[in-house]
Structure formats: structure tokens, C-alpha cells
Amino acid sequence: TGRRCDFLVFLENTSNFTWRKSEPTQQDRLENAQHFISKLAAFGYLVTSMKDKSICKAVIGMDGKQSEVGVSNGRSGKSLLGEACRVVVNTLYKNGKEFRGGPLQPFVWDGLNDRTRLVFLDDTPKDFDFEGFFPLVSGDWPVNPKGHSPFTIAWQDSPKIYQATNHANSGDGDSYEDRQWLIAFSDFYNAKHKPIQDFGRHFFSDEWDAEQWNLFWNLVATAIQVYYRFGYIPAPGDRLEKRKLTQEVGEEFILWADEYFSPSTDPSKPCKLNQIDIPRKDMYDNFLEYIGPSRRTYYQPRTFKTKLIKYCELRGYIFNPQIFDPEKNEYIKIKDGIIDRSIKRNGCEFFTIGTMDFYQGKQQLFPSGEGDVPAAPVIDLSDIDFPGDGDELY
């Protein structure tokens, strides 16, 4: 029956990230299936008025295709999910460009009332301030309408949020993760291939006959059942995380770092990857020379280090592997109860960007003593000057 439902097939197509492959693997099919089920659950979450304090999230529909920073792929079908929600529940539609000044600017929520079940933020910009929406996602919603007295909608009666964007929301930490339900849309649909070419009719219009409307309402009921039964179903995160990291690191930084850490054919210029203790200043100066004088004001030393750490996450490298336990997947240097990734000596800081090859043949620091279970390979730390009395290192 589902195969006859236009919108269900559309959601399945937007979850197909391997449509270019002639023979997708079993893992490909499983990943596509989880993207699809995540969309169904998110759809059910958005169109039911039931609210659960353990799932206070805005649903974020974003492009899953990897692209250059700032490039808007678009036309992938993100907004059509919002249009489907508008058919089902009382929805306040907002052009995402209205929120360059944040969500608390005067009169921005004019038209919102206690009957509004959903706020649809369409096509939000790259610099969208999602952090400003934290109180609205998990708390009461203040409204300042034009020509009327301000009022506040209690959380249990406030609308849910669907954001359609071509860009990842910037920000890190548990507060961001807890408030976002990320769903990814493939480029199965794009500027050259649109849904009408597959279905021959526009969704949610007079072109739909009684059968399509009936199938759509059955899909709505099914989506609600999926959400009630399984709750929050995350989409596979690797694709979404890489897109977010690419945006946060920036294209020019990635181009420099890929070149800086690439293998060298010149024996006098050894590969910087896995090279121990490159002075931070030397690496920073090389980057500034690469980008030129006009761009230097955008990259302060602290920004440079933050982007370098995120670049390592993007490429699967290890930042300062000397103080990282690869078996436990955690840093072993603790300062004042906080993980410290820094390596400093005599007032200078040093960076090492490594791969798992870095640990080949190194001394074993944590012997397992359990037969064939491998021990965690760790570098000798005796030459590293850690501040304090040493108790923070364990």
C-alpha cells in the first residue's frame, strides 16, 4: 500500500544517498533505511501535540550531500516536509531570513497564538542563531504581537519547530545536541530532477485525487505510531557531522591543512603528518602566509587551534596523539578536572597531528595482562612538562 503513496515514496527517495551506485551494499541499504525511519518518526513528532520533556527538540532538515562551505545545494525536498506539516496542523510559516537579528526581536512572533502547533522556519541562513532558540525549544514562549499586549505560551502548549536549511547550525556541546533532531536529505531531488517528474502531480494540491489524500492521511497516522512507539530515532550521524565540521573549519583552512599535511616528494621537506612537536607558531605562520594579509584578521591564534582540532575530527586524525589513549579513545592528561589537549614546554606550545600509524612500535603504558587482548599503545611522556604536581596525569 505504501508504494502507492506519493509522499511516502518521496520520503524514501530523499533518504537514498546511494542512488548513483549500481549495486549498493547491505550497509548502504541499512543506512538509507535509518534515514528514512528517522524522517517518519520526526514527521510524527511534529504533527502530534503531545510533548515529552525528555524529547525537547527542534527538527532540523538539512542537506546530507557534502559540498563546499557556503554552497547551497537546495531543491532536495526539505521544505516539502514542512509543507506536509502545514496540511496537518496549525502552522506559522516564517522566512528564515527574518531571523538575522535573533528570535527575540520585536514583533517577530506576530501571528503566533496558543492554537499554533508548529513554527516552520524555511531556508534559514548560514549565520542562523540557533542558540537563541534554546529557551523556545525547551521552555515557555514569549510573544509580543503588533497592537496587542505581550503574553507567554506555556511550554506544554507552545509550538514545535521545524527548520529547513542548506547549512548546518553552528555550535557544540550537549545543549545543541539535546535540542536538535537532525534529518538529512539526499540529492536524489535537485535543481534538475524534481518530484513532479516522478509523480506527475504537485503534492497537497487539487491534482491529488481521493486515493492520494487517503494514503497521505494514513501515512500521517503511521508516522505518529512510529514516533509513539520508538520516540526519538537519530539519523546516521557521520554524514551530518562531516557537513557541520566542514562548515565550521572553513574551505580555505581545509585546503591549507590538506596541503600542509600531505606526503612530500622532497626529501628535505618531510611529511608533517605524525611529525612530533611542530611549534605552534611555525604552523600558524605557515597558515597566515598561505591565506595572505587580507584574511589574517579572521584567524586569531585561538581560532586557529580550534579549527585545527576540528580539522582532525573531520579527517580522522588525532590531535596531539602523545597524550591520547587510542584503545580507550580518550585523552589522558587532566588539569583541574578538565581534559587538556595541550603540550607546552618552556612557554612554547607544540602540535602533533597523527594517525594510528603514530603508535606503531611505541612503548606499551597500560599492559592488559589478559592473554590476546591488546594493550593501549602510548608514547613516553617523560619529556613533556605538565604544570602542577603531576596528580592530574593518570
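Reading guide: rules and limits
- Residues numbered from 1 in each chain as written.
- Predicted model: local features only at pLDDT ≥ 70, side-chain atom pairs only at ≥ 80, totals over all residues.
- Heavy atoms only, no water.
- Helix = DSSP H or I, 4+ residues; strand = E, 2+ residues; numbered from the N terminus.
- Buried < 20%, exposed > 50% of the residue type's maximum accessible area, 1.4 Å probe, protein only.
- Areas by Shrake-Rupley, 256 points an atom, 1.4 Å probe, with all protein chains shown as cover.
- Pairing = 2+ DSSP bridges.
- Axes fitted to C-alpha atoms, helices over the stretch in contact; angles between N-to-C directions.
- Patch = residues over 30% accessible without salt bridge, like charges linked within 9 Å, V, L, I, M, F, W, Y side chains within 5 Å.
- Salt bridge = Lys/Arg side-chain N within 4 Å of Asp/Glu carboxyl O.
- Lys, Arg positive; Asp, Glu negative; His and termini not counted.
- Charge placed at Lys NZ, Arg CZ, Asp CG, Glu CD.
- Phe/Tyr/Trp six-rings, centres within 6.5 Å; stacked < 30°, edge-to-face > 60°.
- Lys NZ or Arg CZ within 6 Å of the ring centre and 35° of its normal.
- Core = buried A, V, L, I, M, F, W, Y, C linked by side-chain atoms within 4.5 Å.
- Contact = heavy atoms within 4.5 Å.
- Parallel < 35°, antiparallel > 145°, perpendicular 65-115°, else oblique.
- Nonpolar A, V, L, I, M, F, W, Y, C, P; charged D, E, K, R; others polar.
- Polar contact = N/O pair within 3.5 Å; in protein donor to acceptor, adjacent residues only side chain to side chain.

*Asks:* Just to check I follow, could you spell out the overall build of the chain for this structure?
*Replies:* A tally of regular secondary structure across the chain gives 11 helices and 18 strands. Counting across all 394 residues of the chain, residues that qualify as buried make up 48%. With the model as given, the accessible surface of the chain reaches about 20,300 Å², and the carbon-plus-sulfur share is 49%.

*Asks:* I'm lost on the sheet that holds strand β7 (residues 180–185) in this one. Help?
*Replies:* Remark on secondary structure: sheet strands pair via backbone hydrogen bonds, oriented parallel or antiparallel. In space, the five strands of this open sheet follow the order β2-β3-β6-β1-β7, with parallel pairing throughout. Where the open sheet ends on each side, the last strands, each with one partner, are β2 (91–95) and β7. Recorded for the sheet is a direction-independent mean angle of 20° between the axes of neighbouring strands. Alignment of β2 against strand β3 (residues 118–124), held across five bridges, turns out to be parallel. Bridge pairing in β3 links L92 to V119.

*Asks:* What's the story with the pairing of strand β15 (residues 348–351) in this structure? I'm lost.
*Replies:* Along any regular strand, the residues point their side chains to alternate faces of the sheet. Relative to β15, strand β8 (residues 278–279) runs antiparallel, the two being bridged by two bridges. Along β15, the bridge assignment pairs I278 with F351. Direction of pairing for strand β14 (residues 344–345) relative to β15: antiparallel, over a ladder of two bridges. Bridged to R345 within β15 is C348.

*Asks:* Whenever I open this one, a negative patch on the surface confuses me. Can you help?
*Replies:* Taken together, the side chains of D174, E177, D178, E241 and E313 make up a negatively charged region of the molecular surface. Per-element accounting of the negative patch gives the leading share, three residues, to helix α5 (residues 174–178). Assignment of secondary structure puts D174 in helix α5. Given a relative accessible area of 59%, D174 falls into the exposed group.

*Asks:* Looking at this structure, I do not really get the packing of aromatic side chains. What am I missing?
*Replies:* For any pair of aromatic rings, the description consists of the separation of the ring centres together with the inter-plane angle of the planes. This model, assessed by the stated rule, comprises 51 aromatic pairs. With centroids separated by 5.6 Å and ring planes inclined at 80°, the aromatic side chains of F358 and Y359 adopt a geometry described as edge-to-face. The exposure class assigned to Y359 is buried, which follows from its relative accessible area of 3%. The ring of Y232 carries the charged tip of K57 above its face, separated from the ring centre by 4.4 Å. Its guanidinium or amino end placed over the ring of Y298, R295 lies 4.5 Å from that ring's centre, counting from NZ or CZ.

*Asks:* Mind showing me how you'd approach the pattern of salt bridges here?
*Replies:* A side chain of one charge can pair with a side chain of the opposite charge when the charged atoms of the two come close. The tally for this structure, following the rule as stated, stands at 17 salt bridges. The salt bridge involving D258 is made with R315; its shortest N-O contact spans 2.9 Å. With D258 in helix α9 (residues 251–260) and R315 in helix α11 (residues 301–315), this residue pair connects regions lying 57 residues apart in the sequence. A relative accessible area of 30% means that D258 is categorised as partly exposed. It is possible to trace a salt-bridge network through shared partners that takes in K244, E248 and K310.

*Asks:* Just to check I follow, could you spell out unusual backbone geometry for this structure?
*Replies:* Excluding glycine, residues mostly have negative phi values, and the peptide bonds linking residues are mostly trans. Positioned with a positive phi, D277 is a non-glycine residue whose angle comes to about 55°. Positive phi, close to 55°, is recorded for N346, a residue that is not glycine.

*Asks:* Please explain the nonpolar core as it appears in this structure.
*Replies:* Inside soluble globular proteins, nonpolar side chains tend to come together where they are buried. Core analysis: the biggest nonpolar cluster contains 41 residues, and F7, F43 and Y162 have the highest contact counts within it. When residues of this core are traced back to their parent elements, those giving at least two are α1 (6–13), α2 (26–47), α3 (78–88), β3, β6 (160–165), β7 and α7 (210–230). With eight residues, the single largest contributor to this core is α2. Contacts of Y162, omitting those with residues within four sequence positions, involve L46, V59, G61, K78, L81, G82, L118, V119, F120, L121, I183 and F185.

*Asks:* Just checking my understanding: could you explain the environment of D172 for this structure?
*Replies:* Inspection of the secondary structure puts D172 in the loop between β6 and α5. Residue D172 is classed as partly exposed on the basis of its relative accessible area, which comes to 48%. Discounting residues that sit within four places of it in the chain, D172 has contacts with K244, E248 and K310.

*Asks:* Even after reading the chapter, I still don't get the packing of α2 against α7, so can you show me in this structure?
*Replies:* Viewed as axis vectors pointing N to C, α2 and α7 meet at an angle of 95°, and their least axial separation amounts to 7 Å. Accordingly, the angle class assigned to the pair α2 and α7 is roughly perpendicular. Packed against α2, whose contacting residues are L40, A41, F43, G44, Y45 and V47, the element α7 presents F216, L219, V220, A223, I224, V226 and Y227 at the interface. A per-class count over the contact of α2 with α7 returns 12 nonpolar, one polar and no charged.

*Asks:* It is not clear to me how the side chain of N166 should be interpreted in this structure. Could you clarify?
*Replies:* By the element assignment, N166 lies in the loop between β6 and α5. Here the side chain of N166 touches K78 through a polar contact of 2.9 Å, side chain to side chain.

*Asks:* I'm lost on α1 in this one. Help?
*Replies:* By the criterion of burial, α1 is predominantly enclosed, with seven of the eight residues buried. Listed in full, the buried residues belonging to α1 are D6, F7, L8, V9, F10, L11 and N13. On its buried face, α1 is in contact with α2, α3, α6 (195–199) and α7.

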